[in-house]
Every structure is written in C-alpha cells, then in structure tokens.
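Results of the structural survey
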Amino acid sequence: MEENVSKVCQEMVQMPRIGDPAPAFKAVTTQGEISFPEQYRGSWVILFSHPADFTPVCTSEFMTFATLENEFAALNCKLVGLSVDGLYSHIAWLRTIKEKIQYRGMSNVEVKFPLIEDITMSVAKRYGMIQPGESSTKAVRAVFVIDPKGIIRTIVYYPLSLGRNFDELLRIVQALKTADEFAVATPADWRPGDDVIVPTAGSCGVAKERMENKESDVTCYDWFFCTKKIDQAKVLETIRK
Ligand code: BEZ
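Every value quoted in this text rests on a predicted model; they were computed, and no experiment measured them.

With that out of the way, let us pick up the state of the cysteines. For the structure shown, the criterion picks out one disulfide. The disulfide bridge from Cys220 ends at Cys226, spanning 2.1 Å between sulfur atoms. Residues Cys220 and Cys226 are joined through a disulfide that is right-handed, its torsion about the S-S bond being 105°. Cysteine Cys58 is unpaired, with the sulfur of Cys77 as its nearest cysteine sulfur at 20 Å. With a relative accessible area of 1%, Cys58 lands in the buried category.

Following this line, the structure appears as structure tokens:
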C-alpha cells in the first residue's frame, strides 16, 4: 500500500506544469515514429490524449480535430493525439471513421495528424494523463499547448464523459500568440478584435499618466486595469504565421 502511494506521488511530482519544457519521448504513431518535442521545434503543437479508440465521445472529437486541422495549421499549430491503445487499433478506428461515420455534417474525415500508441502508458504517465480517481486504465482528455521552443504554455484536463470545446482550443492558441506578439494579456472570453490588457503600470508616474488619459489609445478602468484596441485584421495577420 505504502509502496503504491509513494509510486503515485513520485509520478505526480513528475507531472509537467505550465512553463516547464515538454518532457521528451520517442513514439510509434499512425504517421510513423516521432521524436517529441524536437521535431516540432518552430511550431506550436497541441498534444492531446483520449481514453480509448472506438468510443463515441473520442470519435466526435477526432472528427472535429481533423476537420479543424487546417485552422490550427494556419496558426502554425500541429496536432498530436495519444491513447493507450495499440497501433493496429488506432489504424482500424481511423479507417472506420473515414469510411463509415457521418456526424454533424462531417463525413469522409481523414485523420492526417499522428496518433501515438502508448500501450505501456509511459508517455501518458509522464504527462499526468492517467488520473486514477477517474480511470487507472485509460487516459483522461488532456490537452497540452506547447510553444515553438518546446515550453508548455497551457494545460487543460477534461474527464472521460466530457468532449472538449474546440472553439476554446483555437481561442487558447490565438490568445497565447497574441500575448507573445503584442506583449499584452487577454481578458475573460477574449476573441481576436476585442480589447487587450496592457501591462500594469510599473511606476507611480505611469499610473498617474494613465489615469489622466495621457496615452490616447489606452482606456483605464482603474490604474491597474487598462486596455487598448488592436484591430482584428492586424491580430489575425500577425498570429497566422
Ligand atoms: C467515449 O469516448 O465515448 C468514452 C470513452 C471512455 C469513457 C467514456 C466515454
């Protein structure tokens, strides 16, 4: 018992966090072997796990990911999936999706991004995708958004029964890229074209100037909470590369 607890704790301590380098691994996928994250340097990447092949929620998610792959690619963001099923199960499932499943206007959907086989759960455990309170044999629906330098920038976990919100996954990549490119933060429910948050005043002088409305493009709700407009077209042009 004690041994089990200490093993679980050890694995938990190793779970990657936002700001950590993405743990490296080599894996067999439906698109051949990959070295992660080395071969993705220079691109954003979403590494996500799903519980099992041939299950309905996962099927709806894979069809949606595949349908949105070009939208992610336009943001220089690649997709990599993982489950603890084997390669032949993955291949059979992806063939079934393409050949047989019609769902919410999607049909003949080809999943072109790699799907990792992780029968030993070594990658899933390393990334904290196995959460024994939910399931000790299936990965939860984890999403790791990793930047072009291989740093984890966002982590989202969903339970087995809850399909992911793909608008939100796109919004996360858009917002992270906007924050990086324009040195701003993004407020609640931000979308490209909405006002962004400028860095909080770092001196009494700047705080005073902002409150006196001296920076013409900045609107302040109080000295620590100021926003500015960035044209939607400019944001989209900047983040789509
Ligand atoms: C599903 O994808 O439908 C699913 C997978 C595992 C548990 C529950 C649902």
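With 17 residues, helix α5 (residues 166-182) should cover 24 Å at 1.5 Å per step; its first-to-last C-alpha distance of 24 Å lies within 8% of that length. Summarising burial for α5: twelve of the 17 residues are buried, a large majority. Residues of α5 that are buried: Phe166, Leu169, Leu170, Arg171, Ile172, Val173, Gln174, Ala175, Leu176, Lys177, Thr178 and Phe182. Those residues of α5 hidden inside the fold are in contact with β3 (44-49), α2 (56-74), β4 (77-83), β6 (141-146), β7 (152-158) and α7 (232-239).

Overall, the coordinates contain 15 aromatic pairs when judged by the stated rule. Measuring from ring centre to ring centre gives 5.8 Å for Phe48 and Phe113, while their planes differ by 70°; the resulting arrangement is edge-to-face. Of this pair, Phe48 sits in strand β3 while Phe113 sits in the loop between α3 (87-100) and β5 (115-117), and the two are 65 residues apart along the sequence. Of the two residues, Phe48 and Phe113, both sit in the buried class. Ring centres 6.2 Å apart and planes at 45° place the aromatic pair Phe65 and Phe72 in the tilted group. Looking at Phe72, the relative accessible area reads 0%, which means it is buried. Three or more aromatic residues link up through ring pairs in this structure, and these residues are Phe48, Phe62, Phe65, Phe72, Trp93, Phe113 and Phe166.

Calculation notes
Residues numbered from 1 in each chain as written. Predicted model: local features only at pLDDT ≥ 70, side-chain atom pairs only at ≥ 80, totals over all residues. Heavy atoms only, no water. Disulfide = S-S within 2.5 Å. Buried < 20%, exposed > 50% of the residue type's maximum accessible area, 1.4 Å probe, protein only. Helix = DSSP H or I, 4+ residues; strand = E, 2+ residues; numbered from the N terminus. Expected span 1.5 Å × (residues − 1). Contact = heavy atoms within 4.5 Å. Phe/Tyr/Trp six-rings, centres within 6.5 Å; stacked < 30°, edge-to-face > 60°.

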